[in-house]
Protein chains: 2
Amino acid sequence: MKPLNDDLAYDLGDFFKIFGDPSRIKILYALLQKDMCVSELVGELGLNQSALSHQLRLLRQNDIVKFRRDGKMVIYSLDDEHVGILLRNGIEHLSHKNAYEGEEVSE
Amino acid sequence: MKPLNDDLAYDLGDFFKIFGDPSRIKILYALLQKDMCVSELVGELGLNQSALSHQLRLLRQNDIVKFRRDGKMVIYSLDDEHVGILLRNGIEHLSHKNAYEGEEVSE
DNA sequence: TCAATATATGAACAACTGTTCATATATTCA
DNA sequence: TGAATATATGAACAGTTGTTCATATATTGA
């Protein structure tokens, strides 16, 4: 049985690391509902603008979100459908262990 | 639109954090092939025994792996089917961006 | 019971991460 | 062009993480 390719192990780790932070989880969950600009996200989540921008850059750099400019605003959206699948998967795992049955992740 | 429940955001973050490390990814990938004891894992992966045990504890504490004792050995296995799904999902995401098309995650 | 083998644990430490503050850049409109 | 608004970035810092080394615990068989 061949062990996992080293590079892939690192890249997979880096990929999942992105989801390993509550702020980013909130951002992604919010963007799962609809595309939003930065100030909209600041309003929705409790994060300050700088922290948010730093996190958005990370998400951008890892192809998790994409963005487009609209006048003064920059509108972020999820890059592909994997994000939702992943979040749903995580929530489902937790719901087996804890009491989050009520939570939903919209399509 | 209600923002994501704070506790859930933290727990989801903690859950994904587990997958955010190459050593743990390798461990999980190995256990996806078959159940293994610690020394078997030490052999397969390049990790030293102590590091491995520390990581296994983390995986245990987060209900990602379970274990049974068999004589002197402790045999680890994946706790549920989500792990494989998650890994496959991650690999698929990366394959869209990079050149990992060749990699497989067995059922 | 003692040595050998297998695994777990605690302390210590370097490396990494997320936030904040201050400031920079970009865009619009008067 | 200049003020106002929206977003991005860099430096700094505290907190967290993964590994190593040393040592502890558990199980077996002589």
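Refer to the structure above for everything that follows.
Residue numbering note: each chain is counted from 1, following its sequence as written. To read the labels, note that chains go from A and ligands from 1, taken in the order they are written. Given that this is a predicted model, residues contribute local features only at a pLDDT of at least 70 and side-chain atom pairs are listed and counted only at 80 or more, while totals for whole chains, interfaces and linings are drawn from all residues. No hydrogens and no water enter the side-chain calculation; it runs on all heavy atoms of the structure.

All right, on to the pairing of strand S3 (residues 73-78) of chain A then. Residues and elements named next belong to chain A. Relative accessible area decides the class of each residue, using a 1.4 Å probe on protein chains only: under 20% of the type maximum gives buried, over 50% gives exposed, and in between gives partly exposed. Where helices and strands are cited, they refer to DSSP runs of H or I of at least four residues and of E of at least two residues respectively, numbered from the N terminus. Burial analysis of S3 places five of its six residues in the buried class, the great majority of the element. Pairing between strand S2 (residues 65-70) and S3: six bridges, direction antiparallel. Note on S3: the bridge partner recorded for Lys66 is Ser77. Note on pairing: DSSP must find at least two bridges between two strands before they are called paired. The hairpin formed by S2 and S3 contains two residues between the paired strands, and Gly71 there has a positive phi angle of roughly 65°.

Residue and element names in this part refer to chain B. Take the residue count of a helix, subtract one, and multiply by 1.5 Å to get its expected span. Here helix H2 (residues 22-33) is twelve residues long and its end C-alpha atoms lie 17 Å apart, about the 16 Å a rise of 1.5 Å per residue gives. Within the sequence span of H2, burial applies to Pro22, Ser23, Arg24, Ile25, Lys26, Ile27, Leu28, Tyr29, Ala30, Leu31 and Leu32. By the criterion applied in these results, polar contacts are pairs of N or O atoms within 3.5 Å in which, for protein atoms, one can donate a hydrogen and the other can accept it, and in which residues neighboring in sequence qualify only through two side-chain atoms. By the N-cap criterion, in which a side-chain oxygen at the helix start approaches the backbone nitrogen of a residue two or three places on, H2 is capped by Asp21, the distance to Ser23 being 3.0 Å.

On to the side chain of B:Ser23, then. Residue and element names in this part refer to chain B. Of note, Ser23 is situated in helix H2. Classification of Ser23 by relative accessible area gives buried; the value is 18%. Discounting residues that sit within four places of it in the chain, Ser23 has contacts with Leu47 and Gln55. Residue contacts are counted whenever heavy atoms from the two residues lie within 4.5 Å of one another.

Moving on: helix H1 (residues 6-18) of chain A. All names here are of chain A. Across its 13 residues, H1 extends 19 Å between first and last C-alpha, which sits within 8% of the 18 Å expected from 1.5 Å per residue. Among all positions of H1, only Leu8, Ala9, Leu12, Gly13, Phe15, Phe16 and Ile18 are buried. The N-cap of H1, judged by a side-chain oxygen 2.9 Å from the amide nitrogen of Asp7 a few residues on, is Asn5.

Before going further, it helps to spend a moment on the pattern of salt bridges. Here, a salt bridge means any side-chain nitrogen of Lys or Arg that lies within 4 Å of a carboxyl oxygen of Asp or Glu. A full pass over the atoms with the stated rule returns eight salt bridges over all chains. A salt bridge links B:Asp6 to A:Lys26; the shortest N-O distance between them is 2.7 Å. Of this pair, B:Asp6 sits in helix H1 (residues 6-18) while A:Lys26 sits in helix H2 (residues 22-33), placing the two residues on different chains. Since its relative accessible area comes to 41%, B:Asp6 is described here as partly exposed. Between B:Asp35 and B:Arg68 there is a salt bridge; the shortest N-O distance is 3.3 Å. Within this pair, whereas B:Asp35 is found in the loop between H2 and strand S1 (36-37), its partner B:Arg68 is found in strand S2 (residues 65-70), the two being separated by 33 residues in sequence.

Aromatic rings from Phe, Tyr and Trp, with only the six-membered ring used for Trp, were paired whenever their centres fell within 6.5 Å, and each pair was classed as stacked if the ring planes differed by under 30 degrees, edge-to-face if by over 60, and tilted otherwise. Enumeration according to the criterion identifies eight aromatic pairs over all chains in this entry. The interplanar angle of 50° and the centroid separation of 5.5 Å between the aromatic rings of A:Phe16 and B:Phe19 together place this pair among those described as tilted. On the criterion of chain membership, the pair formed by A:Phe16 in helix H1 and B:Phe19 in the loop between H1 and H2 is interchain, its members lying in two chains. Accessibility assignment for this pair places A:Phe16 and B:Phe19 in one class, buried. The ring of A:Phe67 carries the charged tip of A:Arg60 above its face, separated from the ring centre by 5.2 Å. Any Lys NZ or Arg CZ found within 6 Å of a ring centre and within 35 degrees of that ring's normal is scored as a charge over the ring.

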